[in-house]
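Residue strings, one per chain:
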Amino acid sequence: MATGECPNTPTELLMEKCDVQLETNGCAHHTAELCRERLVVRRGQPFHLKLHFNRNYNAKEDTLTFTVVTGPAPSQEVGTKARFRLSEALEENAWSASVVKQENSILSLQINSPANAPIGLYRLTLEISSGLQGSSHVLGHFTLLFNAWCPADSVYLELEEEQEEYVLTQQGFIYQGSAKFIKTIPWNFGQFEDSILDTCLMLLDVNPKFLKNASHDCSRRSSPVYVCRVVSNMVNCNDDQGVLLGRWDNKYEDGVSPMSWIGSVDILRRWKSNGCQPVKYGQCWVFAAVACTVLRCLGIPTRVVTNYNSAHDQNSNLLIEYFRNESGDVQSDKSEMIWNFHCWVESWMTRPDLQPDYRGWQALDPTPQEKSEGTYCCGPVPVRAIKEGDLKAKYDASFVFAEVNADVMDWIQQKDGSMHKSTNNSLVVGLHISTKGVGRDDREDITHQYKYPEGSSEERDVFTRANHINKLSKKKETGMAMRIRVGHSMNMGSDFDVFAHISNNTAEDMVCRLLLCALTVSYNGVLGPECGTKNLISLSVESFSEKSIPLRILYEKYSDYLTDSNLIKVRALLVEPATNNYLLAERDLYLENPEIKIRILGEPKQNRKLVAEVSLRNPLNVPLTGCSFTVEGAGLAKEQKTVELPNSVGPGEEAKTRVDLLPSQVGLHKLVVNFESDKLRAVKGYRNVIVGHP
């Protein structure tokens, strides 16, 4: 024995290894797909570690103290740093650690985080004190996410199927088309795909609030309201190093057409690999889908919603005015318009900054339209506040209220300069607000969550509260009525008829002038060239009768001017010279693309090669050149794959190719496909694929 050494002095306790229990924690925290190489856990819920020591741990002689830190300037005062000792039991809603079991020199622990801890990347260290001796060890890093499974977390969801849909599901649908022809577009959100979590954390770390005061920003990441507002700002690049550059002029040659994207993964990977340079190009559903991916990845329950006939009201007067000439053409470029459809996202959370009944779905909109507190973001605002007409609720309630409730007024300017109000009963703002159903591939209509039934006393109360005098004073028109009717077949490449259907509900015969025209149109209301017109100077409509006037729309007229939205606006203006009344009717038509057929060859098994055969028949009377198929699917392929077809595809012929897949995860997945060519663009298809165990 060496001189001076006491026989009872214990050997210094040293840590030899830390096992972060990836599989156990990943399963318990619903982060298995993120926990393959790193520890990702959810706040308010214990996670497990196994510490391997050089000898048995003795609680009477050894003291273990843990420290967790997040952000570049961690501080206990602002909640980004915590020190806590190993104790007998976990402390609820606080950073704490306790022993689960001890097997010789292996100590199994559980560590608990508060349900209101800031999310983000943490470093975990351990200080060991054995008598007069001590050592410090970095146990590693872990990422902490919001927790929809924890009742104390502000994003808690009660129903398991909603937790599954709004946090864990990596594929879904976005609704486009028109109010009378709702089109389902598949989308690969891919929030658990490789590198996406790192990209989402990077997005938080390049936001202007972080760059201005990193400590304050990291502290505020405890609030889903704050994080949603940051994400709404960072998905567009108008103020910062955001992800997407918006463009709406159909000139996308130096980037990707917004209609061509089929998922968020490719967009986020491009943004990260290009040093946070904006990805070209986005429109509303792309902004919304990318925001949905980021928020689901961070653990906030989120869904994409679509509002048909969506108003963009700049001056908050809840009124969109169109000034037209005698032919019904809009006279000037307007930034205030009615969008055919508009997409945003909703996220689920409590609102401690607002009244208690405003918990639940919150609308936020990353499409850059108007500034909010100096930056291009919108929301989150409680959907309940929109329904109740509370325009003071944070954030941006008046803008979102107008999107679903604004009134539309049309003015016709005659040659002498006089202005006449026209009646337009065909355009109602805020229709068929849609999102994907929970656990199924069906559309769910959630309009009732934004609006009371039309004409109800509750609706009148809301308009009074919102000072919506236009809606309150609106009278039902009688006499002449007109609407646009369509035939059944409106497929891309076909010729078809539309009709101005006129009703004379008076006791007098009427002689009118009818101007009927069709124009290509983008989904945000920007009109293109005419593709059909009819001008009837003297149209007789007998008393108490109806008349349908047809307009033939030819493929050869619209083919060169149709945007990727596949939309044609039909407008009819009926003028009664005797009474100087103007009656306007409009309808947006969606031309249906051909179906993409997807065959899965072989039985889908995990980690076993699979082949998908994709095909499309050319519906046009001209050949298609520059044809390509692009496929992707979370859990089915590591990355997006594009196959270019070497030959043109003649009229009626089939474009076909095969793509190799390697499913990595068991369960239900969606293979999403996009087809491009010179004459037929952004055609979408999908197929559900159930992958079994090997």
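Residues numbered from 1 in each chain as written. Predicted model: local features only at pLDDT ≥ 70, side-chain atom pairs only at ≥ 80, totals over all residues. Heavy atoms only, no water.

Engineer: Is there a simple way to think about the overall build of the protein in this case?
Structural biologist: Scanning the protein for helices and strands turns up 14 helices and 36 strands. Taken along the three principal axes of its C-alpha coordinates, the protein extends 120 × 60 × 40 Å. Sorting the 694 residues of the protein into buried and exposed places 56% on the buried side. The contacts of the protein with a sequence gap of at least 6 include a subset with a gap of at least 24, amounting to 67%. Carbon and sulfur atoms make up 47% of the accessible area of the protein, which amounts to about 29500 Å² in all. Here the protein carries 74 positive and 86 negative side-chain charges, and the mean point of each set is 1 Å from the other. (Helix = DSSP H or I, 4+ residues; strand = E, 2+ residues; numbered from the N terminus. Buried < 20%, exposed > 50% of the residue type's maximum accessible area, 1.4 Å probe, protein only. Contact = heavy atoms within 4.5 Å. Areas by Shrake-Rupley, 256 points an atom, 1.4 Å probe, with all protein chains shown as cover. Lys, Arg positive; Asp, Glu negative; His and termini not counted. Charge placed at Lys NZ, Arg CZ, Asp CG, Glu CD.)

Engineer: Would you mind going over the nonpolar core with me for this structure?
Structural biologist: General note: in soluble globular proteins, nonpolar side chains tend to be found buried as a group. Membership of the largest hydrophobic core comes to 72 residues, with the highest contact counts inside it found for Trp187, Val231, Leu244, Ile267 and Trp285. Mapped onto this core, the elements with two or more residues apiece are helix H2 (160-168), strand E10 (171-178), helix H3 (196-205), helix H6 (224-234), helix H7 (265-273), helix H8 (284-298), strand E14 (302-312) and strand E16 (337-349). Ranked by size, the runner-up nonpolar core spans 57 residues in total, among them Ala518, Ile598, Leu645 and Phe675. (Core = buried A, V, L, I, M, F, W, Y, C linked by side-chain atoms within 4.5 Å.)

Engineer: Would you mind going over the sheet that holds strand E23 (residues 480-486) with me for this structure?
Structural biologist: Working definition: the strands of a sheet are paired by backbone hydrogen bonds and lie parallel or antiparallel to each other. Sheet architecture is open: three strands sit in the order E23-E24-E27, paired in antiparallel fashion. With one partner strand each, in any of the chains shown, E23 and strand E27 (545-553) form the two edges of the open sheet. In this sheet, adjacent strand axes meet at a mean angle of 20° when their direction is disregarded. As paired elements, E23 and strand E24 (residues 496-504) share seven bridges and run antiparallel to each other. From the neighbouring strand, Arg483 faces E24, where its bridge partner is His501. (Pairing = 2+ DSSP bridges. Axes fitted to C-alpha atoms, helices over the stretch in contact; angles between N-to-C directions.)

Engineer: Would you mind going over the sheet that holds strand E20 (residues 419-423) with me for this structure?
Structural biologist: Reading across the sheet, the seven strands line up as E15-E19-E20-E29-E28-E25-E26 and stay open at both edges, with mixed pairing between neighbours. Each edge of the open sheet is held by one strand with a lone partner, namely strand E15 (319-324) and strand E26 (527-541). Put simply, the sheet's adjacent strands are angled 25° from each other on average, direction ignored. Relative to strand E28 (residues 567-576), strand E25 (residues 510-521) runs antiparallel, the two being bridged by nine bridges.

Engineer: So what exactly am I meant to see when it comes to the side chain of Ser494 here?
Structural biologist: Along the chain, Ser494 falls in the loop between E23 and E24. Within the structure, Ser494 has its side chain in polar contact with the backbone oxygen of Asn491 (distance 2.6 Å). (Polar contact = N/O pair within 3.5 Å; in protein donor to acceptor, adjacent residues only side chain to side chain.)

Engineer: I would appreciate a short explanation of the pattern of salt bridges in the present structure.
Structural biologist: Two side chains bearing opposite charge may form a pair once their charged atoms approach each other closely. Using the criterion set out here, one finds 34 salt bridges in the structure. A salt bridge links Glu127 to Arg83, with the shortest nitrogen-to-oxygen separation between them at 2.6 Å. Here Glu127, found in strand E8 (residues 120-130), pairs with Arg83, found in strand E5 (residues 81-87); they are 44 residues apart in sequence, far enough to count as distant. Judged by relative accessible area, which is 31%, Glu127 ranks as partly exposed. Assessed through its relative accessible area of 42%, Arg83 is described here as partly exposed. Residues joined by salt bridges that share partners form a network here, namely Arg36, Asp194 and Lys638. (Salt bridge = Lys/Arg side-chain N within 4 Å of Asp/Glu carboxyl O.)

Engineer: Before we go on, may I ask you to explain the packing of aromatic side chains in this structure?
Structural biologist: For any pair of aromatic rings, the description consists of the separation of the ring centres together with the inter-plane angle of the planes. This structure, assessed with the given rule, holds 22 aromatic pairs. Residues Trp285 and Tyr523 carry aromatic rings whose centres are separated by 5.2 Å and whose planes lie at 75° to one another, so their mutual orientation is edge-to-face. Of this pair, Trp285 sits in helix H8 while Tyr523 sits in the loop between E25 and E26; the two residues are 238 residues apart in sequence, bridging distant segments of the chain. Taken individually, Trp285 and Tyr523 each receive the classification buried, so the pair is uniform in this respect. Taken together, the ring pairs in this structure connect Trp248, Trp285, Phe287, Tyr308, Trp339, Phe341 and Tyr523 into an aromatic cluster. Taking NZ or CZ as reference, Arg296 lies 4.9 Å from the ring centre of Phe189, over its face. (Phe/Tyr/Trp six-rings, centres within 6.5 Å; stacked < 30°, edge-to-face > 60°. Lys NZ or Arg CZ within 6 Å of the ring centre and 35° of its normal.)

Engineer: Is there a simple way to explain helix H10 (residues 397-405) in this structure?
Structural biologist: Among the nine residues that make up H10, eight are buried, leaving the element largely enclosed by the rest of the structure. Ala397, Phe399, Val400, Phe401, Ala402, Glu403, Val404 and Asn405 are the residues of H10 that are buried.

Engineer: Where do I start with the pairing of strand E7 (residues 106-112) in this structure?
Structural biologist: Every regular strand shows the same layout, with side chains that alternate between the two sheet faces. Most of E7 sits inside the fold, with five of its seven residues counted as buried. Bridge count for strand E3 (residues 47-53) against E7 is six bridges, and the pairing is antiparallel. Within the sheet, the bridge partner assigned to His48 lies in E7 and is Gln110. Hairpin connection of strand E6 (residues 96-103) to E7: two residues between the antiparallel strands, including Asn104 at a positive phi of 55°.

Engineer: Explanation requested: the state of the cysteines in the structure shown.
Structural biologist: Each disulfide consists of a covalent bond between the sulfur atoms of two cysteine residues. The full count for this structure, using the stated rule, is zero disulfides. Considering cysteine sulfurs only, Cys297 is the nearest to Cys200, which forms no disulfide, with 3.9 Å between them. Free cysteine Cys292: the closest other cysteine sulfur is in Cys228, separated by 11 Å. (Disulfide = S-S within 2.5 Å.)

Engineer: Whenever I open this one, unusual backbone geometry confuses me. Can you help?
Structural biologist: Outside of glycine, negative phi angles account for most residues, and trans bonds account for most peptide bonds. In the segment running from Gly379 into Pro380, the intervening peptide bond is cis, with an omega of 0°. Mapped onto the elements of the fold, Pro380 is located in the loop between strand E17 (360-364) and strand E18 (381-382). In this model, Lys394 is joined to Tyr395 through a cis peptide bond whose omega is -5°. Examined against the element boundaries, Tyr395 turns out to sit in the loop between helix H9 (383-388) and H10. Here Asn104, not a glycine, exhibits a phi torsion of approximately 55°, which is positive.

Engineer: What is the right way to read the confidence of the model for the protein from this model?
Structural biologist: Looking at the protein as a whole, the pLDDT averages 92, with 96% of positions reaching at least 70. Below a pLDDT of 50 lies the segment residues 1-7, which in the model reaches one contact outside its immediate sequence neighbourhood of four places, other chains included. (pLDDT = per-residue confidence, 0-100.)

Engineer: Could you clarify how one ought to interpret the side chain of Thr67 in this entry?
Structural biologist: When you line up the elements, Thr67 lands in strand E4 (residues 62-70). A relative accessible area of 8% places Thr67 in the buried class. Ignoring any residue separated from it by four or fewer positions in sequence, one finds Thr67 in contact with Lys81, Ala82, Arg83, Arg123, Leu124, Thr125 and Glu127.

Engineer: Even after reading the chapter, I still don't get the environment of Arg269, so can you show me in this structure?
Structural biologist: Structurally, the position occupied by Arg269 is in helix H7. In sequence terms Arg269 and Ile196 are 73 residues apart; their C-alpha atoms lie 7.3 Å from each other. When residues no more than four places from it in sequence are discounted, the contact partners of Arg269 are Glu193, Asp194, Ser195, Ile196, Lys638 and Glu639. Side-chain polar atoms of Arg269 contact the backbone oxygen of Asp194, separated by 3.1 Å.

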